[in-house]
Amino acid sequence: MSRLPPNQLTALQVSRHKAGSLGDGGGLWLVASGNSRLWEFRYTSPVTGKRRSMGLGSMQNCTLSDARKKAAQCRLLVSEGRDPIEERDKEKAAARLEAGQSFSEVAALFIEEQSPAWKDRKAVKTWTGSLSLHIFPVFGSKAVRLIDTHDILAALRPVWTEKTETAERLRSRIERILDYAKAQGWREGENPARWRGHLSAMLPAPSKLKKQEHHKAAAWADIKPIMEALTRSEGIAAKAVRFICLTATRSGETRGCLWSEIDLKERLWTIPAERMKAAREHRIPLSDAAMSVLSELEILRCPDRDSFVFPGGNRGRPLSDVSVSKALHLAAGTKSVTVHGLRSTFRDWTADTEAASHDVAEMALAHTISNKTEAAYRRTDLLEQRRALMQLWSEHCLSGHQEAETGTQ
């Protein structure tokens, strides 16, 4: 940083400057690159002790005189122990607060900034759709700094008792957006969408209202005819349903399965963390029946590149969820069962027949351990015990034996 006193340059020097940095003294610099000529104030932050550069504007809209005035103001802030960049940011936040950005504008900014971290590709559409339908008509145009409890209740009450799960999600989304607004300096005070100790005193608890709806599942004693029907079908969707059932996985995990995730020699399928609901890698031992499904599909495998085990109709795309559901409904002869319900079928079988301990069964389903202390000490995924369990399950699916069998505990 220049040690020269301020006001060293002439207007002629400034007008002729074409490239590099030209110092006016007192921390003021003119930086030219290509067609761009910008004023900068360079200083050592009295707050952090680090060197910083603050843009003061382009020469096109900021004359030498204007730049010197701005630099003088910055030097004054530094002498007072304040960082000019931090002070500017505070002023901008205050201006935005005074201007009163609307809730819908802030919601759009929140979604734009947060969505890159969301795993669900449809999340942006889901958030935007739900807010547009239920929230924006009520207070979307209102300044975010003015949103209060009455606004929240006006939006939530119409759906709280009839669509409780939807209302819960809406409340959570509003709370996160308002927290974001406060962090940006666009509103102050407590979050009116907070549940505990606030809305909980005015709205009935969701647990008292909503009825727990489980995915419709086939009874484990009736799985054999369904599997037989699926086996008779030559369709890829039917094979996918068989694989989902035999591995007790979620539809999306199987439909997104790549050949590179399968170790045929070790009879092991490893799903990477980014494809798992719990964001943790999951290893699945493959039974004889599961390996049989893979052997039926190897003819479709592209040896020159990684590809989906269960390819869809469009090149490079996986099988659709709708196709898988239709295959199950056709095999079962009813729409009263769901693909996700096959996981419940498997879990009921393990419990009713005592085929496995609770821990082994939960690990097979890749469920997260709710007890944090227990989770911290869990160092194994019980693979070999699960290998024996999945083989027993596949034998049940193919044989239909209904008698209780005891697996490895």
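A brief look at the structure comes next. Keep in mind that this is a model prediction, so the values were computed, not measured.

Before going further, it helps to examine the overall build of the chain. Regarding its fold elements, the chain presents 18 helices and seven strands. The C-alpha atoms of the chain give a radius of gyration of 31 Å, which is well past the 22 Å a tight globule of 409 residues would have. C-alpha extents for the chain along the principal axes are approximately 95 × 60 × 45 Å. Counting across all 409 residues of the chain, residues that qualify as buried make up 41%. Sequence separation of 24 or more characterises 58% of the internal contacts of the chain that already satisfy a separation of 6 or more. Of the accessible surface of the chain, which amounts to about 22600 Å², a share of 50% is contributed by carbon and sulfur atoms. If you average the places of the 62 positive and of the 50 negative side-chain charges in the chain, the two averages end up 7 Å apart.

Attention now moves to the sheet that holds strand 5 (residues 262-263). Strand order in the open sheet formed by three strands is 5-6-7, and the pairing between neighbours is antiparallel. The open sheet has two edge strands, strand 5 and strand 7 (282-285), and neither has a second partner. Here strand 6 (residues 268-271) runs beside strand 7; their pairing, made up of four bridges, is antiparallel. Its bridge partner lying in strand 7, L268 is registered against P285. Against the sheet, helix 18 (residues 383-399) touches strand 6 and strand 7, its axis set at about 45° to strand 7.

Across all of its chains, the model carries 13 aromatic pairs by this definition. Residues F346 and W349 carry aromatic rings whose centres are separated by 6.2 Å and whose planes lie at 35° to one another, so their mutual orientation is tilted. With a gap of three residues between them, F346 and W349 both fall in helix 15 (residues 341-353), about one helical turn apart. Taking the relative accessible area as the measure of exposure, W349 reaches 2% and is therefore buried. Stacked on the ring of W29, the Lys or Arg R42 has its end atom at 4.6 Å from the ring centre.

Here we come to the pattern of salt bridges. Following the criterion strictly, the structure yields 22 salt bridges and no others. Linking E87 and R82 is a salt bridge whose minimum nitrogen-to-oxygen distance equals 3.6 Å. A relative accessible area of 15% means that E87 is categorised as buried. On the basis of relative accessibility, which here comes to 34%, the residue R82 falls in the partly exposed class. Linking E175 and R171 is a salt bridge whose minimum nitrogen-to-oxygen distance equals 3.0 Å.

Time to look at the packing of helix 4 (residues 103-114) against helix 8 (residues 164-183). Remark: helix 4 packs on helix 8, axes separated minimally by 10 Å, with the N-to-C direction vectors making an angle of 90°. Accordingly, the angle class assigned to the pair helix 4 and helix 8 is roughly perpendicular. Mapping the contact onto sequence places F103, V106, A107, L109, F110, E113 and Q114 in helix 4 and I174, R176, I177, L178, Y180 and A181 in helix 8. Class assignment of the residues belonging to the contact of helix 4 with helix 8 gives a composition of ten nonpolar, one polar and two charged.

Attention shifts here to helix 8. Look at helix 8: 29 Å from first C-alpha to last across 20 residues, which is about the 28 Å you get at 1.5 Å a residue. All buried positions along helix 8 are accounted for by T164, A167, L170, R171, R173, I174, E175, I177, L178, Y180 and A181. Buried residues along helix 8 sit against helix 4, helix 5 (123-134), helix 6 (136-140), helix 7 (149-160) and helix 9 (206-209). Phi turns positive, to about 85°, at G185, one or two residues after helix 8.

Now for the nonpolar core. By size, the foremost hydrophobic cluster in this structure holds 55 residues, and its most contacted members are F346 and L389. Elements with a minimum of two residues in this core: helix 10 (223-232), helix 11 (236-247), strand 6, helix 13 (288-297), helix 14 (321-332), helix 15, helix 16 (358-364) and helix 18. Excluding its chain neighbours within four sequence positions, the residues that come into contact with F346 are A248, A361, A364, L365, L389, M390 and W393. Counting 30 residues, the second-largest nonpolar core is a separate cluster that includes W118, L170, I177 and A193.

With that settled, the discussion passes to the environment of K18. Mapped onto the elements of the fold, K18 is located in the loop between helix 1 (11-16) and strand 1 (20-25). For the pair formed by K18 and A183, sequence separation is 165 residues and the distance between their alpha carbons is 41 Å.

Notably, A248 is not glycine yet its phi reads approximately 55°, a positive angle. The residue A248 is located in the loop between helix 11 and helix 12 (251-255) in this model. Residue A366 is not a glycine yet carries a positive backbone phi of 60°. Within the secondary structure, A366 is located in the loop between helix 16 and helix 17 (372-377).

Calculation notes
- Residues numbered from 1 in each chain as written.
- Predicted model: local features only at pLDDT ≥ 70, side-chain atom pairs only at ≥ 80, totals over all residues.
- Heavy atoms only, no water.
- Helix = DSSP H or I, 4+ residues; strand = E, 2+ residues; numbered from the N terminus.
- Rg over C-alpha atoms; globule rule 2.2 N^0.38 Å.
- Buried < 20%, exposed > 50% of the residue type's maximum accessible area, 1.4 Å probe, protein only.
- Contact = heavy atoms within 4.5 Å.
- Areas by Shrake-Rupley, 256 points an atom, 1.4 Å probe, with all protein chains shown as cover.
- Lys, Arg positive; Asp, Glu negative; His and termini not counted.
- Charge placed at Lys NZ, Arg CZ, Asp CG, Glu CD.
- Pairing = 2+ DSSP bridges.
- Axes fitted to C-alpha atoms, helices over the stretch in contact; angles between N-to-C directions.
- Phe/Tyr/Trp six-rings, centres within 6.5 Å; stacked < 30°, edge-to-face > 60°.
- Lys NZ or Arg CZ within 6 Å of the ring centre and 35° of its normal.
- Salt bridge = Lys/Arg side-chain N within 4 Å of Asp/Glu carboxyl O.
- Parallel < 35°, antiparallel > 145°, perpendicular 65-115°, else oblique.
- Nonpolar A, V, L, I, M, F, W, Y, C, P; charged D, E, K, R; others polar.
- Expected span 1.5 Å × (residues − 1).
- Core = buried A, V, L, I, M, F, W, Y, C linked by side-chain atoms within 4.5 Å.

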